[in-house]
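Descriptive structure summary
Residues per chain are reported as follows:
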Amino acid sequence: QQVNGRWYMYAGSQNDRGWSVIDVTDPATPKVLNWIPGPPNTRSGELDIADGKLITAFERSQMGGDTDPNAAWDDGFVVWSLADPVHPKRLGQWKTGGLGTHRNGYYGGRYVHTAAAVRGYFGQVYVIVDIADPAHPVEVSRWVLPELKLKDPNAQNTAYPHGHGLHGPPYVVGNTAYLGFGTKFVMLDISDIKHPKEISELTFDPPFRGLFAVHTAMPFVNRKIVE
C-alpha cells in the first residue's frame with residue numbers, strides 16, 4: 001500500500017511466526033521497518049490488505065522450529081488497522097474452532113472470504129465473515145461440497161492441511177465467487193450473502209488426481225476465462 005508517498009509491503013513467513021513491514025519505495029533498496037511477532041506453533045504466512053486493513057490468517061503449524069502437533073495453536077484470522085502503516089494495530093479476531101484458515105480473500109468492505117478448516121468437514125470450506133465491527137467478527141454463511149461433510153459435526157478436520165477442500169483464496173468478482181475445491185472448480189452466486197448458491201461445478205479428478213487437482217482458481221472476467 002502507498003501512504004504519504006511511500007510504498008509499504010507486508011510479508012508473512014513460512015517458518016517463522018509473524019510478519020515483516022518493508023519499505024519498498026525504492027525497490028532497489030528495500031528496508032525492513034518492523035517485525036510483528038505471531039503466536040507460537042501457528043502458521044501465519046498468508047495475508048491480505050485492502051481498505052486500510054491487514055488480514056492475517058492463523059492455522060495449525062505445518063513446519064518451523066516450534067512445530068508440535070500435540071501443542072496448542074491459534075486459529076482463524078486477525079484484523080489489523082493500518083492507520084499507522086509501520087505499526088499495525090490489532091482490532092479483533094475470528095476463530096474457526098478448528099484448525100484455522102489458510103488462504104483467504106479480502107477485497108475491501110465488510111466481508112472476508114475464508115478457506116476455513118472448521119469442525120465437521122473433511123478439508124477446508126468456504127466461510128464468509130462479516131468484519132463491519134472488526135472487534136467482533138461474525139460468520140455470515142458457509143458453503144461446502146456435500147461429500148466433504150463428516151458424520152460427526154464436531155469432528156476435527158482429518159485432512160489437514162487441505163485435503164480435498166478449499167485451498168483458497170476464494171476469488172470474488174461482483175456477486176460471483178470462484179473456488180478451487182481440491183478436485184473441483186466451483187462457481188457460486190453470493191448476491192444473497194447469507195445464502196450462497198451454486199452456479200456450476202467442474203470435476204478434474206479424474207484425470208488429475210491428488211489433493212490439488214484444482215489448487216487455485218483465478219478469474220479473468222474481461223477475458224471470460226478462469227486459470
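Preceding this paragraph is the structure being described.
Conventions and cut-offs
Residues numbered from 1 in each chain as written. Predicted model: local features only at pLDDT ≥ 70, side-chain atom pairs only at ≥ 80, totals over all residues. Heavy atoms only, no water. Pairing = 2+ DSSP bridges. Helix = DSSP H or I, 4+ residues; strand = E, 2+ residues; numbered from the N terminus. Axes fitted to C-alpha atoms, helices over the stretch in contact; angles between N-to-C directions. Buried < 20%, exposed > 50% of the residue type's maximum accessible area, 1.4 Å probe, protein only. Salt bridge = Lys/Arg side-chain N within 4 Å of Asp/Glu carboxyl O.

1. Examining the sheet that holds strand E16 (residues 176-181)
Pairing in this open sheet of 4 strands is antiparallel, and the strands run E15-E16-E17-E18 from one edge to the other. Because the sheet does not close on itself, it has two edges, and the strands there are strand E15 (171-173) and strand E18 (197-203). Sheet twist, expressed as the average angle between the axes of neighbouring strands with direction ignored, equals 20°. Relative to strand E17 (residues 184-189), E16 is paired through 6 bridges, and the arrangement is antiparallel. Pairing of Tyr178 across the sheet is with Met187, part of E17.

2. Topic: the sheet that holds strand E4 (residues 31-37)
Read from one edge of the open sheet, 4 strands run E1-E2-E3-E4, paired in antiparallel fashion. Only two strands of the sheet have a single neighbouring strand rather than two, namely strand E1 (2-3) and E4. The sheet contact formed by E1 and strand E2 (residues 6-12) spans 2 bridges and is antiparallel. In the strand pairing of E2, Val3 is matched with Arg6.

3. Some words on unusual backbone geometry
Pro206 follows Asp205 through a cis peptide bond whose omega is 0°. By the element assignment, Pro206 lies in the loop between E18 and strand E19 (219-220). Here the residue pair Pro206 and Pro207 is connected by a cis peptide bond, since its omega of 10° sits within 30 degrees of zero. Take Pro207: it is sitting in the loop between E18 and E19. Phi at Asn4 takes a positive value of approximately 50°, unusual for a residue other than glycine. Here Asn4 shows up in the loop between E1 and E2. By relative accessible area, Asn4 is classed as exposed at 78%. In the Ramachandran plot, Asn41 falls in the positive-phi region, its phi being about 55° despite a non-glycine side chain. Mapped onto the fold, Asn41 is located in the loop between E4 and strand E5 (42-43). On the basis of relative accessibility, which here comes to 4%, the residue Asn41 falls in the buried class.

4. Focus: the pattern of salt bridges
As enumerated under the stated definition, the model contains 11 salt bridges in all. Here Asp66 and Arg17 are joined by a salt bridge, their closest N and O atoms 2.6 Å apart. On the criterion of sequence distance, the pair formed by Asp66 in the loop between strand E7 (53-60) and strand E8 (76-81) and Arg17 in the loop between E2 and strand E3 (18-23) is long-range, its members being 49 residues apart. Taking the relative accessible area as the measure of exposure, Arg17 reaches 10% and is therefore buried. The partner of Asp130 in a salt bridge is Arg110, with the nearest N and O atoms 2.6 Å apart. Note that Asp130 is positioned in strand E13 (residues 125-130) and Arg110 in the loop between strand E11 (105-106) and strand E12 (111-117), a separation of 20 residues in sequence. For Asp130, a relative accessible area of 10% corresponds to the buried category.

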